[in-house]
Amino acid sequence: DPSTGKYTVSFIEGDGVGPEISKAVKDIFAAAKAPIQWESCDVSPLFINGLTTIPQPAQDSINKNLIALKGPLATPIGKGHRSLNLTLRKTFGLFANVRPAKSVQGYKTAYDNVDLVLIRENTEGEYSGIEHVVSPGVVQSIKLITQDASERVIRYAFEYARAVERPKVVVVHKSTIQRLADGLFVSVAEQLSKEYPDIEMQTELIDNTVLHTVRDPKKYSDVVVVCPNLYGDILSDMNSGLSAGSLGLTPSANIGHKVSIFEAVHGSAPDIAGQNKANPTALLLSSVMMLNHMGLTEIADKIEQAVFSTIAAGPESRTGDLGGSASTSSFAEAVISRL
Ligand code: NAD
């Protein structure tokens, strides 16, 4: 907005703890004088002809602003409609899910100095939702891999590696068994790597990736891992466990050709909702990824450092999930005092 010098971002506050952690982000952004104005966006789903649909005003807001920050959305169980998160991915063509997992200084976990980046294909594989009962007791589930979807996510991984100055892309697969499907993913990577002579490309079987990562995560500190959907789902949670031990710290980005949506990895935490207990760090670090994506790196660093130094300050300034006694709002105030 040229009149205010601010960027407008759609904000989906989400369910459960969503509004509480969203308020923390808004307060911290205001105190940090981040050049962002929020446009509140209600994505309560509509069910039209059996399809889960995002309300038109929310779609219009996100299509106009191109960037959204999103709190967790609760998925109603067993009502026979698609999860809203999946609907958002499909609606906006969010083909890559970026999941960094980094140790938090001053908060001791089983591993020190973990610094992992994983990019997961977000649209197909085992998540295409094509399943049939062939005969009673026999089901078939289709894993769909296409050249187009593989190419756009692997290309994004090379571009991301270049942007964050990591010299190597590791393509994780199981093409010894999934010969055609993962074989296609690997061969697309081999083709594309010719366009990125400055980035090394290595292919690795998923079982080896798991073994090597849990043995010594540092081996992956200077690489970007890219993989098909299901492997990425599992590996990224493992990485979060290695780096933080808590999903309350893990941010993510969903990247499309036009729109990108940044969100915490955790869910709506119904057990602690409305109690001023939730840790807003994951949504805050997602907002930091968003600022970096927008090129606002200085303000991103300022907020990130204030968050990390608050966590490092000790149990009084940490929320309950990190063994501390702070509330959502007192944590936010502590971050603001460190900006
Ligand atoms: P959850 O992540 O909501 O909760 C798991 C545990 O982690 C709970 O004990 C919770 O209290 C704790 N937790 C989560 N976030 C926390 C935070 N910020 N601070 C402190 N503790 C935190 O997972 P769930 O219980 O399996 O799912 C609850 C709902 O969230 C479901 O409806 C599910 O579909 C939805 N969900 C949404 C998303 C998303 O929007 N991206 C992701 C996962 C789950």
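Residues numbered from 1 in each chain as written. Predicted model: local features only at pLDDT ≥ 70, side-chain atom pairs only at ≥ 80, totals over all residues.

## Concerning helix H4 (residues 147-163)
The criterion, for reference: Only DSSP runs of H or I reaching four residues or more are called helices, and only runs of E reaching two or more are called strands; each is numbered from the N terminus. How far a helix is expected to stretch is found by multiplying one less than its residue total by 1.5 Å. With C-beta atoms placed from the backbone, a residue is labelled by how many other C-beta atoms lie within 10 Å of its own: buried for 20 or more, exposed for 12 or fewer, partly exposed between the two. We call two residues in contact whenever the C-beta atoms placed from their backbones are within 7 Å.
Here H4 spans 24 Å end to end across 17 residues, near enough to the 24 Å set by a 1.5 Å rise per residue. Within the sequence span of H4, burial applies to Ala149, Ser150, Arg152, Val153, Ile154, Ala157, Phe158 and Ala161. On its buried side, H4 packs onto strand S6 (94-102), strand S7 (115-121), strand S10 (168-173), helix H5 (181-193) and strand S12 (223-227).

## Notes on the packing of helix H1 (residues 18-31) against helix H10 (residues 328-338)
Rules: Comment: axis = line fitted to C-alpha atoms, over the contacting stretch for helices; angle = value between 0 and 180 degrees taken between N-to-C directions. Angles below 35 degrees are treated as roughly parallel, those above 145 as roughly antiparallel, those between 65 and 115 as roughly perpendicular, and all remaining angles as oblique. Note on convention: near helix rotated counterclockwise from far helix by under a right angle means a left-handed crossing. Clockwise means right-handed. Each residue gets one of three labels, nonpolar for Ala, Val, Leu, Ile, Met, Phe, Trp, Tyr, Cys and Pro, charged for Asp, Glu, Lys and Arg, and polar for the others, Gly among them.
Where H1 meets H10, the axes come as close as 10 Å, and the angle between the chain directions of the two elements is 15°. Classified by the angle their axes make, H1 and H10 are roughly parallel. Two packed elements cross with a definite hand, and for H1 against H10 that hand is right-handed. On H10, the residues touching Glu20, Ile21, Ala24, Asp27, Ile28 and Ala31 of H1 are Thr328, Phe331, Ala332, Val335 and Ile336. In the contact of H1 with H10, the residues fall into eight nonpolar, one polar and two charged.

## Digging into the sheet that holds S6
Let me state the cut-off plainly: Between any two strands, pairing holds if DSSP finds at least two bridges.
The strand order S2-S1-S5-S14-S13-S6-S7-S12-S10-S11 describes an open sheet built from 10 strands, whose pairing is mixed. Each edge of the open sheet carries a strand with a single partner, namely strand S2 (36-40) and strand S11 (200-205). Strand-to-strand twist in this sheet, taken as the mean axis angle between neighbours without regard to direction, amounts to 25°. In this structure, S6 lies alongside strand S13 (residues 251-256), joined through four bridges in antiparallel fashion. Each residue of the ladder has a partner; that of valine 98, found in S13, is alanine 253. The sheet strands contacting helix H7 (residues 229-243) are S6, S7, S10 and S12, and the helix crosses S7 at an angle near 160°.

## Quick notes on the pairing of S6
Most of S6 is tucked away, with nine of its nine residues classed as buried. Bridge analysis of S6 against S7 gives seven bridges, and the strand direction is antiparallel. Counterpart to lysine 102 in the pairing with S7 is aspartate 115.

## What to know about unusual backbone geometry
In this structure, alanine 269 is a non-glycine residue whose phi angle is positive, near 45°. Assignment of secondary structure puts alanine 269 in the loop between strand S14 (260-264) and helix H8 (281-293).

## Notes on the confidence of the model for the protein chain
Spelled out, the test is: The predictor attaches a confidence to each residue, called pLDDT, with possible values from 0 through 100.
Considering every residue of the protein chain, the mean pLDDT works out to 93; 98% of them sit at 70 or more. In the model output, the complex is listed with pTM 0.93 alongside ipTM 0.98.

## Remarks on the pairing of strand S1 (residues 7-12)
To keep things clear, this is the line we draw: Here, the term right-handed applies to a crossover whose path from the first strand over the helix to the second runs clockwise when the strands point away from the viewer.
Two elements, S1 and S2, share five bridges in a ladder whose sense is parallel. Bridging from a neighbouring strand, tyrosine 7 pairs with isoleucine 36 of S2. Viewed along the sheet, the connection from S1 through H1 into S2 turns out right-handed. Sheet topology places S1 next to strand S5 (residues 67-70); three bridges connect them, and they run parallel. Across the sheet, phenylalanine 11 pairs through a bridge with leucine 69, a residue of S5.

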